[in-house]
Amino acid sequence: MVFNSITFLIFFAIVLLLHNLPLPWGIKKTNLLIASYIFYAAWNPPFVILLWITTLVDWFVARAISNAQSKSRKRMLLLISVAGNLGLLGYFKYGSFILESFVATLNYFGINYHPAAPSIILPIGISFYTFVTLSYTIDVYRNEVPPCKSFLDFCLLVTFFPHLVAGPILRASDFLPQCVTPKVANSQQLGWGFFLMVFGLFEKVVLADGLVAPVADKLFQAASELGFWQAWVGTFAFAAQIYLDFDGYSITAIGAAMCLGFVFPDNFRFPYGAIGFSDFWRRWHISLSTWLRDYLYISLGGNRKGVSRTYVNLMLTMLIGGLWHGAAWRFVVWGGLHGLYLVTEHWLQGIVSATTFMKYNFVRIQMALLTFLLVCITWVFFRADHLSDAWQMVSAMLTFGTPAKSFADYNVDKGEIRSVLLVVLTLLVMHWKLRDSSLEQAVGKTPIWAKSMLLAGLLWFIVTVQGDNRAFIYFQF
Amino acid sequence: MPSYTSSSNERIPVTRWGKVWIFAVLLFVVMLFAWEGFWRWQGFRRIPAPRDANQWALMRKDASRQGKKAIVLIGSSRVLTDIDVEAFAETTGVKPIQLGLSASSPLPILQNLAQDESFDGTVICDFHEVYIYASNPSNPEQVKASPDEFLKAYEERSFLENWLPTKLELESRNLLKETFVFQMKELSLSNVIRQAVRGRLPEKPEDPNTRVKNGRAIGSEVFEDSEIERLKKYFADVTIDFIRKGAMSPEKFPRLVEEVEQAVGKIQGRGGKVVLVCLPMSGRLLEINEQYFPKKQYWDVLAANTSAQTIHFTEHQSLAGYICDDDSHLDKNKAVTFTKSLVEILYDNYKNKQAEDKTK
């Protein structure tokens, strides 16, 4: 079930109604849990069993860790959880990829090996809920979170439908305390929650699907033969699409949770206004970047073991972060590039003091633009169908590649190009203007009549635009 | 910058949200009707949209769900135009499920029904030579004979898609599309912007219900004489082009018959029925068909080697003599009488079969 469907609207209306009935809190939480399983089962019911397995394993393992007396036993139990979670993720998400890479390596050395192609369906949202359960067990192991006392609350942490399939990746410490006392949204939360849902859907349905995605699709289909301008327009279109698609999902999820009285963490903070890559990763997919920081980068030693080790840790974290997005080498390259950017940035910070330059707004804008352009290059690897296509496209972008065909040959007209450039320019300006602020602050400063007009406009666009009703990009991860 | 774990509750813009929402919804309704009114004032009128793969998939699911009483129509555009579903329902009391797809071979759909153990209804299959032989077309650009997209939508539908919510989703979307002019693809936001950049409004599509006063209605469209002539030529050209590519020959034909019979056998083996029907053709198209696919070498061979009931329009007085305006399809009025005659034949055959079974 996707947020941008009438089915979801009906589903959400029923859930909201049930949640606002005068029922005991335990019953309301059970209703939310059942609704969440229905939400997930709408895609493929048997995969609910996977959710149960993950939930049960981490529930029992975390309790056992908490009760274990010795450090070694705690560590062994943690290993069981990590192996269980990553084993599931590895099989469903990376099984085919590992086999394909293995076969390609054998073939490269002249060994003729052609096993039957495995038919593995990727369970939707597995990367997200696996990280939720894993973080809970690690937090219990580190004594940062006490083991959850209510199985119902823990199930809800893993399964609560607004975050289930594409995040934000929740932490036990954020969510479980909210399950203790009854939660029903007050009028402020309802008003703002619905506003966020409309805003998120506008980003997804109107801007991402309606304006930029068709251009990105058409140009990336011909990624290997594009010229300089075509490659950049295609990349800009995708840069806008992935932000608007994923931010749209996250904001809708946060809004839906808020309408039910729950608070979710933010997932984006105007990332295209970032100056540098550390700043970018503090603003982009925040729930993942902080997860990787807290459970991978710091576990590897972070910056505590010297400069060289810090660089290695950064690279490893970003490479694994890349692979988390998908089982393909192009995601590894995407992560590797971001790792390289971060390492270079750290290295430069070590030899050049940027504070004198950075006080000039002009320099800061230039740096933000450079960051955006370098991030755009990484998006090519993220979006292209094949690694070879991505290399050719990046090559055209960096070497003023001559186009083989015109935009019109790819069925992209001037109006579409202008739409893409307008959307990207608006995003850049807005992200720059609001980089030290928040959506809440921006809306808070707006007069009531302007809020009403904005909402009416957003609703009007959502109803009148005719997109392709695409699924959210991050569902595939 | 606020930490990501900061409570969003503390950052909710405090305002009179009730007031904001009431004004917003009122304004939205006014804007929506103003937008609709503007396009209607510009002369835009609703034209029925072609059905999509998801709608087809739901109807396909109905075929399985209805079990023995299901009557399913499969075939290409001829089954869509020549068999009038309402007339069929009026005569038999059963509304057939129309799974026909324009310019498409019914063979993959017949095979799909055969594979479906839950399907044991009746299939009426339009055996259109050009498309039935084009299940594996040598030139898919020329002959879009594969209903893959539709079968894929059926195979890949999710669990809930068999349920009410998805029907509701499709029905609501259809209702929107059928009610509001601004839902026409010509008035999509991207097209309106594209045209506005050029300083003009989107072009109105021609309305088939009003553009020709004395045209001929075939299926859901109305054609004027010059278009009819072009269609005749088009159908003749497609057929000849396809034949030239050698997609079918008397040597290859038995293999096809075998494939058809396998599917028929499976359906009839579990109590279902299959009727293969050759629907009327006229003029040049009929000549071409007879020249390249002589009835004796093709249809008669098929009829002799299949356990399905076969009905060829030339073999029945009540079905023969129909003139197709574009050589390939019957117009709306003829389709009604043709359907009633076809039902009579089906009913007679059914009675004869029952009598035969009793004698045995």
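Fair warning: this is a prediction, and the values are worked out from it, not measured in the lab.

Asker: What is the right way to read the overall build of chain B from this model?
Answerer: In terms of helices and strands, chain B carries 14 helices and seven strands. Residue burial in chain B is summarised as follows: out of 360 residues, 49% are buried. Long-range contacts, defined here as pairs at least 24 residues apart, represent 78% of the contacts in chain B between residues at least 6 apart. Carbon and sulfur atoms provide 53% of the accessible area of chain B, an area that totals close to 18400 Å².

Asker: Help me understand the interface of chain A and chain B in this model?
Answerer: Many descriptions give the size of an interface as the accessible area lost when the pieces come together. In this complex, chain A contributes 58 residues to the contact, which on the side of chain B involves 44 residues. Taking both partners together, chain A and chain B bury about 4500 Å²; carbon and sulfur atoms supply 69% of that area. Remark: the boundary between chain A and chain B carries five residue pairs in polar contact (both at pLDDT 80 or more). Elements with a contribution of two residues or more to the side of chain A that touches chain B: helix H1 (6–19), helix H9 (187–221), helix H12 (286–297), helix H18 (414–433), helix H19 (439–444) and helix H20 (448–464) of chain A. For the side of chain A that touches chain B, the element with the highest residue contribution is H20 of chain A, accounting for twelve residues. Counted by class, the side of chain A that touches chain B contains 28 nonpolar, 19 polar and eleven charged residues.

Asker: Any chance you could explain the sheet that holds strand E2 (residues 97–98) of chain B here in plain terms?
Answerer: Whether parallel or antiparallel, the strands of a sheet pair through hydrogen bonds between backbone atoms. Residues and elements named next belong to chain B. Taking strand neighbours across the sheet as the criterion, the five strands line up as E2-E1-E3-E6-E7 in an open arrangement whose pairing is parallel. Of all the strands in the sheet, just E2 and strand E7 (309–312) have a single pairing partner and so form its edges. The pairing of strand E1 (residues 71–74) with strand E3 (residues 122–126) spans four bridges and is classified as parallel. Of the residues in E3, the one forming a bridge with Val-72 is Val-123.

Asker: Explain the packing of helix H10 (residues 228–259) of chain A against H18 of chain A to me, please; I cannot follow it from the model alone.
Answerer: Residues and elements named next belong to chain A. Between H10 and H18, whose axes approach to 9 Å, the crossing angle comes to 55 degrees. The orientation of H10 with respect to H18, classified from their angle, is oblique. Two packed elements cross with a definite hand, and for H10 against H18 that hand is left-handed. Residues Val-233, Phe-236, Ala-237, Ala-240, Tyr-243 and Leu-244 of H10 form the contact with H18, whose own contacting residues are Ile-417, Val-420, Leu-421, Val-423, Val-424, Leu-427 and His-431. For the contact of H10 with H18, the residue count by class is twelve nonpolar, one polar and no charged.

Asker: Explain H10 of chain A to me, please; I cannot follow it from the model alone.
Answerer: Along an α-helix, residues three or four positions apart point the same way, because every turn accommodates 3.6 residues. Residues and elements named next belong to chain A. For H10, built from 32 residues, the straight-helix expectation of 46 Å at 1.5 Å per residue is met to within 8% by its first-to-last C-alpha distance of 46 Å. The buried fraction of H10 is high, at 31 of 32 residues. Two residues or fewer after H10 comes Gly-261, characterised by a positive phi angle close to 95 degrees.

Asker: In this structure, what is going on with the nonpolar core? I would like to understand it.
Answerer: A general trend in soluble globular proteins is that nonpolar side chains are found buried together. Counting residues in each nonpolar core, the largest one holds 178 residues, and the members touching the most others are Phe-160, Tyr-272 and Trp-379 of chain A. Counting residues in each nonpolar core, the second largest holds 63 residues, with Ala-70, Ile-71, Val-275 and Tyr-322 of chain B among its members.

Asker: Even after reading the chapter, I still don't get the environment of Trp-192 of chain A, so can you show me in this structure?
Answerer: Along the chain, Trp-192 of chain A turns up in helix H9. For Trp-192 of chain A, a relative accessible area of 0% corresponds to the buried category. Separated by 40 residues in the primary sequence, Trp-192 of chain A and Trp-232 of chain A have C-alpha atoms spaced 37 Å apart. Those residues within four positions of Trp-192 of chain A in sequence are excluded, and the remaining contacts are Met-258, Leu-439, Glu-440 and Val-443 of chain A together with Ile-12, Pro-13 and Trp-17 of chain B.

Asker: Just to check I follow, could you spell out the domain arrangement of chain A for this structure?
Answerer: Residue and element names in this part refer to chain A. According to the domain assignment, chain A contains domain 1 (9–184) and domain 2 (201–476). Listed per partner, the contact involves 38 residues of domain 1 and 33 residues of domain 2. Of the roughly 3100 Å² buried between domain 1 and domain 2, counting both surfaces, carbon and sulfur atoms make up 70%. Between domain 1 and domain 2 we count one salt bridge in total. Close ionic contact of Arg-171 with Asp-294 constitutes a salt bridge, the shortest N to O distance being 3.0 Å. The interface formed by domain 1 and domain 2 includes eleven residue pairs in polar contact (both at pLDDT 80 or more). Counting only elements with at least two residues in the side of domain 1 that touches domain 2, the list comes to H1, helix H2 (25–41), helix H4 (71–108), helix H5 (126–141), helix H7 (161–164) and helix H8 (172–175). Top element by residues in the side of domain 1 that touches domain 2 is H5. It accounts for seven residues. Its residues placed into classes, the side of domain 1 that touches domain 2 shows 24 nonpolar, eight polar and six charged.

Asker: Even after reading the chapter, I still don't get the pattern of salt bridges, so can you show me in this structure?
Answerer: Close approach of charged atoms allows side chains of opposite charge to pair. All names here are of chain A. Counted by the stated rule, this structure contains 22 salt bridges over all chains. Linking Asp-245 and Lys-204 is a salt bridge whose minimum nitrogen-to-oxygen distance equals 2.7 Å. Here Asp-245 is found in helix H10, whereas its partner Lys-204 is found in helix H9, with 41 residues between them in sequence. For the residue pair Asp-245 and Lys-204, the accessibility class agrees, reading buried in each case.

Asker: Please clarify how the pairing of strand E6 (residues 273–278) of chain B should be interpreted in this entry.
Answerer: Consecutive residues of a regular strand have side chains that alternate between opposite faces of the sheet. Residues and elements named next belong to chain B. When you tally the buried positions in E6, you get five out of six residues, the bulk of the element. Alignment of E3 against E6, held across five bridges, turns out to be parallel. Residue Cys-125 lies in a different strand from E6, and its bridge partner there is Leu-276. Of the pairings in the sheet, the one linking E6 to E7 comprises four bridges and is parallel in character. Bridging across to E7, Leu-276 finds its partner in Thr-310.

Asker: Can you help me understand the side chain of Thr-130 of chain A in this one?
Answerer: Residue and element names in this part refer to chain A. As for its placement among the helices and strands, Thr-130 is situated in helix H5. Looking at Thr-130, its side chain comes within polar contact range of the main-chain oxygen of Ile-126, at 2.5 Å. Beyond its immediate stretch of four places on either side in the chain, Thr-130 contacts Asn-85 and Leu-89.

Criteria and cut-off values
- Numbers given for residues are sequential positions, taken from 1 along each chain in its written order.
- Throughout, the order in which chains and ligands are written sets their labels, letters from A for the former and numbers from 1 for the latter.
- Restriction of local features to residues with pLDDT of at least 70 applies here, the model being predicted, together with a cutoff of 80 or more for giving and counting side-chain atom pairs; totals for whole chains, interfaces and linings are based on all residues.
- Based on all heavy atoms of the structure, the side-chain values leave hydrogens and waters out of the count.
- The helix and strand labels rest on DSSP assignments: H or I over at least four residues marks a helix, E over at least two residues marks a strand, and numbering proceeds from the N terminus.
- Think of it in three bands: with a 1.4 Å probe and only protein chains considered, a residue is buried below 20% of the maximum accessible area for its type, exposed above 50%, and partly exposed in between.
- The contact criterion used is simple: two residues touch if any of their non-hydrogen atoms lie within 4.5 Å.
- In these tables, accessible area is a Shrake-Rupley quantity obtained with a 1.4 Å probe, and a residue counts as shielded only by the protein chains included in the view.
- As used here, buried area is the combined drop in accessible area, with a 1.4 Å probe, of two parts when they are placed together.
- Pairs of N or O atoms within 3.5 Å make up the polar contacts considered here, provided that, within protein, one atom can donate a hydrogen while the other can accept it, and that residues adjacent in sequence are counted only when both atoms are side-chain atoms.
- The residue classification treats Ala, Val, Leu, Ile, Met, Phe, Trp, Tyr, Cys and Pro as nonpolar and Asp, Glu, Lys and Arg as charged. All others, Gly included, are polar.
- In this analysis, strands are considered paired if DSSP registers two or more bridges between them.
- Axes here refer to lines fitted to C-alpha atoms; in helices the fit is confined to the stretch in contact. Angles between the N-to-C directions go from 0 to 180 degrees.
- Angles are sorted into four bins: roughly parallel if under 35 degrees, roughly antiparallel if over 145, roughly perpendicular if 65 to 115, and oblique for all others.
- Left-handed describes a crossing in which the near helix is turned anticlockwise from the far one by less than a right angle; the clockwise case is right-handed.
- To estimate the expected span of a helix, subtract one from its residue number and multiply by 1.5 Å.
- We call a set of buried Ala, Val, Leu, Ile, Met, Phe, Trp, Tyr and Cys residues a nonpolar core when their side-chain atoms join them within 4.5 Å.
- Domains are outlined according to an automatic or database domain assignment.
- By salt bridge we mean one thing: a side-chain nitrogen of Lys or Arg within 4 Å of a carboxyl oxygen of Asp or Glu.

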